[in-house]
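# Examination of the molecular architecture
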Amino acid sequence: MQGTSPSPAGQQQHPIGLYLKVWALLFLLSVMSYAVDYFHLQGLLRWSLILLFMMLKAGLIVAVFMHLAWERLALICAIVLPPLALLVLVGLMASEAGHVHLTRLLYFR
Amino acid sequence: MSSLPATTASLVSSPAAASTAGLRGLVADWSSDRQAFQVSWGKAMMWIFLLSDTFIFGTFLTGYMTVRMSTTVPWPNPSQVFALHVGGADVPLLLIAVMTFVLISSSGTMAMAVNCAYRRDRASAARLMFVTAAFGATFVGMQAFEWTKLILDEGVRPWGNPMGAAQFGSAFFMITGFHGLHVTAGVIYLLVVALRLLRGRYENRGHYQIVEIAGLYWHFVDLVWVFIFALFYLW
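What counts as what
Residues numbered from 1 in each chain as written. Chains lettered and ligands numbered in written order. Predicted model: local features only at pLDDT ≥ 70, side-chain atom pairs only at ≥ 80, totals over all residues. Helix = DSSP H or I, 4+ residues; strand = E, 2+ residues; numbered from the N terminus. Buried ≥ 20, exposed ≤ 12 C-beta atoms within 10 Å, placed from the backbone. Contact = placed C-beta atoms within 7 Å. Rg over C-alpha atoms; globule rule 2.2 N^0.38 Å. pLDDT = per-residue confidence, 0-100. Expected span 1.5 Å × (residues − 1). Axes fitted to C-alpha atoms, helices over the stretch in contact; angles between N-to-C directions. Parallel < 35°, antiparallel > 145°, perpendicular 65-115°, else oblique. Left-handed = near helix turned anticlockwise from the far one by under 90°. Nonpolar A, V, L, I, M, F, W, Y, C, P; charged D, E, K, R; others polar.

## Details of the overall build of chain A
Scanning chain A for helices and strands turns up 4 helices and 0 strands. Counted from the first residue to the last, chain A has its helices and strands arranged as α-α-α-α. Buried residues in chain A amount to 18% of all 109 residues. In chain A, of all internal contacts separated by at least 6 residues, the share reaching a separation of at least 24 is 48%.

Here you go:
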């Protein structure tokens, strides 16, 4: 990332080639995640590949297209850390959903 | 300020705040030239807004996960539900794949628009923003087609569907509907900024950072689609 740091005025000027490369990479990752469905991959392989491609695409968009990679750490932390709280919610709701699923199997079938 | 002893520094650091109390003191405390993020207020506020939007979509997707995990009825297979009949065969998720590529392309043209804006090439920046908006409008059009097919042909309703778990419809319409609204709002936003850019409204500011801020919103819409595509359509 040499030569692509923002100027002191906070401007985000980066070579257009970088955007084109990331664009091509996003296309490739989308094709690969579509291929996961097209070739009917199942089980752990399917889920891990879907999540991997999802996180790679999200990371590229946020880091390069939204320029977060070149922002100061204070802003990066303020944007990236709070959504991690959602993981706690996901954990709580996953255990809740498992419980509801079991009670439905017991009483509503 | 840092060279002064701590006690002196605390005495002189905010004279306005020290001299007033009550509501005026509150305002003075929060406005005495403190700055945490070294970016313009517009950019900081857009990031904060996007952060709040992250929680909206995050809770939607968590709710979807909850109903999908807890239902005892099989979940409709998205790969078959969203298949298109092309050339005598069902191609799984074809429309969704095309929509994904359209949205990624729009993100690419938006990034180029931001690049042009920083090179002060406002004609090219505006042109690329119009292309981006056109991609966005195409996406919304395809989504309208998808909804129509699902409602009229497949009989999917928010309260039930012939293929399986009743929660499929409510989760689908809620999540993709909210995302579609964001794309629609983004198209309007991009058109407004591009027109103002062409008419020279931002000339007296000396920069076209507004294009980057609008770009942040647009890339976020693409970002949300990445998660919807993976978690709703592929899962």
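Further notes follow.
## Things to note about the overall build of chain B
The number of helices and strands found in chain B is 9 helices and 2 strands. Ordered by position from N to C terminus, the α and β elements of chain B give α-α-α-α-α-β-β-α-α-α-α. Relative to the globule expectation of 18 Å for 235 residues, the C-alpha radius of gyration of chain B, 24 Å, shows a markedly less compact shape. Taking the principal axes of its C-alpha atoms as reference, chain B extends roughly 80 × 45 × 30 Å. Per-residue burial over chain B gives 35% buried out of 235 residues. Long-range contacts, defined here as pairs at least 24 residues apart, represent 67% of the contacts in chain B between residues at least 6 apart.

## Topic: the confidence of the model for chain A
For chain A, the average pLDDT comes to 88, and 89% of its residues sit at 70 or higher. Throughout residues 1-8 of chain A the model reports pLDDT below 50, and contacts reaching past four residues in sequence, or to other chains, amount to 9 contacts.

## Things to note about helix α4 (residues 41-70) of chain B
Along its 30 residues, α4(B) runs 43 Å from first to last C-alpha, staying within 8% of the 44 Å computed at 1.5 Å per residue. Taken together, the buried positions of α4(B) are B:Lys43, B:Met46, B:Trp47, B:Leu61, B:Tyr64, B:Thr66 and B:Ser70. Buried-residue contacts for α4(B) involve α3 (73-80) and α4 (85-107) of chain A together with α8 (167-198) and α9 (209-234) of chain B.

## Looking at the packing of α4(B) against α9(B)
Residue and element names in this part refer to chain B. For the pair α4 and α9, the least separation of the axes is 10 Å and the interaxial angle reads 10°. What the angle tells us is that α4 and α9 run roughly parallel. Classified by chirality, the crossing of α9 by α4 is right-handed. Residues Gly42, Lys43, Met46, Trp47, Leu50, Asp53, Phe57, Leu61 and Tyr64 of α4 lie in contact with α9, whose contacting residues are Gln209, Ile210, Ile213, Leu216, Tyr217, Phe220, Val224, Phe227, Leu231 and Phe232. Its residues placed into classes, the contact of α4 with α9 shows 15 nonpolar, 2 polar and 2 charged.

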